[in-house]
Amino acid sequence: MNRQDRADAVDREMATRLLPSAALQALSRWWSENDMRFADGTPGGHTVRYTPSRWAQITPWPPSLASTSHVGDAGISRAQAASIVADALRREAFREALVATYVWGKGKSGSPGGSGPASLQKILTVEGLDTALARAVTTLSERSAEAAYAGFQGLVPGFGPSFYTKFLYFAGKTVVPATGPQPLVLDRVLARCLRSLAQAVGRETGHDPDGSIANWVWRDRNWSPHRYAIYLSFMQAAARQLAASSSWPSDASPDLLEYALFATTWQASD
């Protein structure tokens, strides 16, 4: 088998096996510690802290975010970000939607050195940005999350998958994909978690004994649209697997699993 055939074989095994017992146990512990925080079965309460004054140069600034003249820090939850994006999309204010998702995604990380606001400011100056954002939302509604993801690839310098999947994730709270699962966030942390799962499956099946295939397909950045589709399918199936257990809410959304995997330190080699 060539490299892609081996990757496909590992993907099929992962789709059949889903989450191993060690992961189920770790997620069960996580839920027992966070069930009151996310009682509605969603990660809507997941709140990120940011410093509004550090984003003073960013326009358009969503009116529902704390004013950039605000002293000190403020917080934005997933539920609040989803509400801001929904309002922005209704008004076709795509840049406001982007700013809200970027601030939530970046938070205070990098902000003291300016990387968050400075990077966003560069992205906002890219010619054709509004068209790209509008097209992504339309593609999501008319086709799929995978197709919307593909439309973003290499289109806006400095705006990579870790952040445009955040835009798609929040847009997907308002815009239902015509086919396929809802978009979810995919970043380096989550890719490494899936890489760990793939490495374990590859070793056990002999399809990837040295982990090189897992390192290739679940690299830290620049995932292919196909890889994003594999990720969404796996997460949807794994969420159903968890919901069937007694240690996870039966009505939980797949993004609760996404956040739980992000928030835990579990690895398949543990």
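Anything mentioned here points back to the structure above.
Definitions and limits used
Residues numbered from 1 in each chain as written. Predicted model: local features only at pLDDT ≥ 70, side-chain atom pairs only at ≥ 80, totals over all residues. Heavy atoms only, no water. Helix = DSSP H or I, 4+ residues; strand = E, 2+ residues; numbered from the N terminus. Rg over C-alpha atoms; globule rule 2.2 N^0.38 Å. Buried < 20%, exposed > 50% of the residue type's maximum accessible area, 1.4 Å probe, protein only. Contact = heavy atoms within 4.5 Å. Areas by Shrake-Rupley, 256 points an atom, 1.4 Å probe, with all protein chains shown as cover. Lys, Arg positive; Asp, Glu negative; His and termini not counted. Charge placed at Lys NZ, Arg CZ, Asp CG, Glu CD. Expected span 1.5 Å × (residues − 1). Core = buried A, V, L, I, M, F, W, Y, C linked by side-chain atoms within 4.5 Å. Phe/Tyr/Trp six-rings, centres within 6.5 Å; stacked < 30°, edge-to-face > 60°. Axes fitted to C-alpha atoms, helices over the stretch in contact; angles between N-to-C directions. Left-handed = near helix turned anticlockwise from the far one by under 90°. Nonpolar A, V, L, I, M, F, W, Y, C, P; charged D, E, K, R; others polar. Salt bridge = Lys/Arg side-chain N within 4 Å of Asp/Glu carboxyl O.

Engineer: Give me the overall build of the chain: which residues, what numbers.
Structural biologist: The helix and strand inventory of the chain stands at twelve helices and two strands. Starting at the N terminus and walking to the C terminus, you meet the elements of the chain as α-α-β-β-α-α-α-α-α-α-α-α-α-α. The C-alpha atoms of the chain give 19 Å as radius of gyration, which agrees with the globular expectation for 270 residues (18 Å, within 12%). Overall, the C-alpha framework of the chain stretches about 55 × 40 × 35 Å when taken along its three principal axes. Per-residue burial for the chain yields a buried fraction of 51% across its 270 residues. Taking the intrachain contacts of the chain between residues at least 6 apart in sequence as the baseline, contacts between residues at least 24 apart amount to 71%. Here the chain has roughly 12,000 Å² of accessible surface; of this, 49% comes from carbon and sulfur atoms. Charge separation in the chain, taken as the distance between the mean sites of 27 positive and 24 negative side-chain charges, equals 5 Å.

Engineer: Describe helix 3 (residues 78–90), listing the residues and the values that go with them.
Structural biologist: Over its 13 residues, helix 3 extends 18 Å from the first C-alpha to the last, a length consistent with the 18 Å expected when each residue adds 1.5 Å. Buried residues of helix 3: Arg78, Ala81, Ala82, Ile84, Val85, Ala86, Ala88 and Leu89, and no others. Where helix 3 is buried, its residues meet strand 2 (74–77), helix 4 (94–106), helix 6 (129–142), helix 8 (161–171) and helix 12 (254–263). Looking one or two residues past helix 3, glutamate 92 carries a phi angle of roughly 55 degrees, positive in sign.

Engineer: Kindly report on the nonpolar core, identifying the contributing residues and their values.
Structural biologist: Phe159 and Tyr231 are the most contacted members of the largest nonpolar core, which has 88 residues in total. Per-element accounting of this core gives the leading share, nine residues, to helix 11 (residues 225–243). Those residues within four positions of phenylalanine 159 in sequence are excluded, and the remaining contacts are Leu98, Ile123, Leu133, Phe152, Tyr164 and Phe167.

Engineer: Please provide a residue-by-residue account of the packing of aromatic side chains, values included.
Structural biologist: Inspection of every chain in the model, using the stated rule, returns 17 aromatic pairs. Measuring from centroid to centroid gives 5.7 Å for tryptophan 31 and tryptophan 248, while their planes differ by 50 degrees, and the two rings are tilted. With tryptophan 31 in helix 2 (residues 21–34) and tryptophan 248 in the loop between helix 11 and helix 12, this pair connects stretches of sequence that are 217 residues apart. A single burial state applies to tryptophan 31 and to tryptophan 248, both of which are buried. Taking 5.7 Å as the distance between ring centres and 75 degrees as the angle between the ring planes, the aromatic pair formed by phenylalanine 38 and tyrosine 259 counts as edge-to-face. Residue phenylalanine 38 is found in the loop between helix 2 and strand 1 (47–50), and its partner tyrosine 259 is found in helix 12; the two are separated by 221 residues along the sequence. Tyrosine 259 carries the same exposure label as phenylalanine 38, and that label is buried.

Engineer: Outline the packing of helix 7 (residues 145–152) against helix 11, listing residues and values.
Structural biologist: In the contact formed by helix 7 and helix 11, the axes pass within 9 Å of each other and the chain directions differ by 145 degrees. Relative to helix 11, helix 7 is oriented so that their crossing is right-handed. Between helix 7 and helix 11, the residues in contact are Ala145, Glu146, Tyr149 and Ala150 and Pro225, His226, Tyr228, Ala229 and Leu232, respectively. By residue class, the composition of the contact of helix 7 with helix 11 is seven nonpolar, one polar and one charged.

Engineer: Hey, could you go over the pattern of salt bridges for me, with residue numbers and the actual values?
Structural biologist: Counted according to the given criterion, the structure contains 13 salt bridges. For aspartate 87, the salt bridge goes to arginine 90, with nearest N and O atoms at 4.0 Å. Placement of both aspartate 87 and arginine 90 in helix 3 is noted, with a separation of three residues, approximately one turn of the helix. For arginine 90, a relative accessible area of 61% corresponds to the exposed category. Note that arginine 192 and aspartate 220 form a salt bridge whose closest N and O atoms lie 2.7 Å from each other. Here the residue arginine 192 occupies a position in helix 9 (residues 188–205), and aspartate 220 occupies one in the loop between helix 10 (212–217) and helix 11, the gap between them amounting to 28 residues. With relative accessibility at 36%, the residue arginine 192 sits in the partly exposed group. For aspartate 220, a relative accessible area of 19% puts it in the buried group. Where salt bridges share partners, they join Asp87, Arg90, Arg91 and Glu96 into one cluster.

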